[in-house]
Amino acid sequence: MMVRIRIAWLLLAAFAGAMSVIVASEPMLQFTSCEIESGGPECEESILTHYGRAFLIVLAIPVLLCLVPAVVPVRGVAWAIAVSLFLGFLAVFTPFYLPVAVLGLALAALH
């Protein structure tokens, strides 16, 4: 059973990585005043282009968090990570990470 949980956390990390790629490729108009105003070409550039490579560190956080329970398969660690993912989703409130947070809570419950 523990091997399956570890594999599930690894799959969740891959899914979180895929969500991060989607977020990085979204245009700036999704997240700035460009939604309200008619902006110029800077509104059409991707978030990654706008913020640069340093933004990849921020996008890697959910992936790294999902890897922790795969490496340290302890129930308390799984719950701490799942709650962190959910609180992180609430903090940034981007719908891309809701499935990651919900699946993290489900995996922690199965742990």
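The structure displayed is predicted, hence computed values, not measured ones. (Residues numbered from 1 in each chain as written. Predicted model: local features only at pLDDT ≥ 70, side-chain atom pairs only at ≥ 80, totals over all residues. Heavy atoms only, no water.)

Quick word on the packing of helix α4 (residues 75-92) against helix α5 (residues 98-110)
To be explicit about the condition: Fitting a line to C-alpha atoms yields each axis, with helices limited to the stretch in contact; the angle taken between N-to-C directions then spans 0 to 180 degrees. Numbering of helices and strands runs from the N terminus, with a helix taken as a DSSP run of H or I at least four residues long and a strand as a DSSP run of E at least two residues long. For classification purposes, angles smaller than 35 degrees are called roughly parallel, those larger than 145 roughly antiparallel, those between 65 and 115 roughly perpendicular, and all remaining angles oblique. Here is the rule for handedness: rotate from the far helix to the near one, and if that takes an anticlockwise turn smaller than a right angle the crossing is left-handed, while a clockwise turn gives right-handed. Contact criterion: two residues are considered in contact whenever any of their non-hydrogen atoms come within 4.5 Å of each other. Following the grouping adopted for this structure description, the nonpolar residues are Ala, Val, Leu, Ile, Met, Phe, Trp, Tyr, Cys and Pro, the charged ones are Asp, Glu, Lys and Arg, and the polar ones are all others, Gly among them.
Running from N to C, α4 and α5 point in directions that differ by 160°, and their axes come no closer than 8 Å. Considering the angle they form, α4 stands roughly antiparallel to α5. You can see that α4 and α5 cross each other, and the crossing is left-handed. Of α5, the residues touching α4 (which contributes A78, W79, A82, V83, L85, F86 and F89) are L98, V100, A101, G104, L105, A108 and A109. Residues that form the contact of α4 with α5 fall into these classes: 13 nonpolar, one polar and no charged.

A closer look at the confidence of the model for the chain
Rule in force here: Per residue, pLDDT measures the predictor's confidence, with a range of 0 to 100.
Summarising the model, the chain shows a mean pLDDT of 86, and 87% of its residues fall at 70 or more. The least confident element of the chain is helix α2 (residues 47-51), whose mean pLDDT is 83; the most confident is α5, at 94.

A word on the side chain of S20
Put simply, the test is: Buried residues are those whose accessible area, probed at 1.4 Å on protein chains only, stays under 20% of the maximum for their type, while exposed residues exceed 50% and partly exposed ones sit between those limits.
Tracing the sequence through the fold places S20 in helix α1 (residues 2-25). Look at S20 and you get buried, because its relative accessible area is 5%. Look past the residues within four positions of S20 in its chain and what remains in contact with it is L59, V63 and Y97.

Side note on helix α3 (residues 55-71)
The line we're drawing: Here a helix's expected span is defined as the number of its residues, less one, multiplied by 1.5 Å. Think of it this way: the bend at a residue is just the angle between two axes, each fitted to seven residues, one set ending at that residue and the other starting at it.
With 17 residues, α3 extends 25 Å from end C-alpha to end C-alpha; this agrees with the ideal 24 Å at 1.5 Å per step. The largest bend along α3 measures about 35° and falls at I61, with the proline P62 one to four residues further on. Lining the buried residues of α3 we find α1, α2, α4 and α5.

Some words on the nonpolar core
To be explicit about the condition: Nine residue types can take part in a nonpolar core, namely buried Ala, Val, Leu, Ile, Met, Phe, Trp, Tyr and Cys, and a core is a set of them joined through side-chain atoms within 4.5 Å.
Grouped together as the largest cluster of nonpolar side chains are 24 residues, with contacts concentrated most on W9, L12, L59, C66, L85, Y97 and V100. Of all the secondary-structure elements, those providing two or more residues to this core are α1, α3, α4 and α5. Here this core gets eight residues from one element, more than from any other, and that element is α1. The contacts of L85, once residues within four sequence positions are left out, are W9, P62, L65, C66, V100 and A101.

Considerations on a nonpolar patch on the surface
The following threshold applies: Two joining distances apply to patches: 9 Å for like charges and 5 Å for nonpolar side chains (Val, Leu, Ile, Met, Phe, Trp, Tyr), and every residue must have over 30% relative accessible area and no salt bridge. Accessible surface area values rest on a Shrake-Rupley calculation with a 1.4 Å probe, where residue burial reflects the displayed protein chains alone. Salt bridges are identified by distance alone: a Lys or Arg side-chain nitrogen within 4 Å of an Asp or Glu carboxyl oxygen.
Together, W79, V83, L87, L90 and F93 make up an exposed nonpolar region whose accessible area comes to about 500 Å². Inspection of the secondary structure puts F93 in the loop between α4 and α5.

Description of α4
With 18 residues, α4 extends 26 Å between its outermost C-alpha atoms, agreeing within 8% with the 26 Å of an ideal straight helix rising 1.5 Å per residue. For α4, the elements touching its buried residues are α1, α3 and α5. Backbone geometry just downstream of α4 places F93 in the positive-phi region, at approximately 45°.

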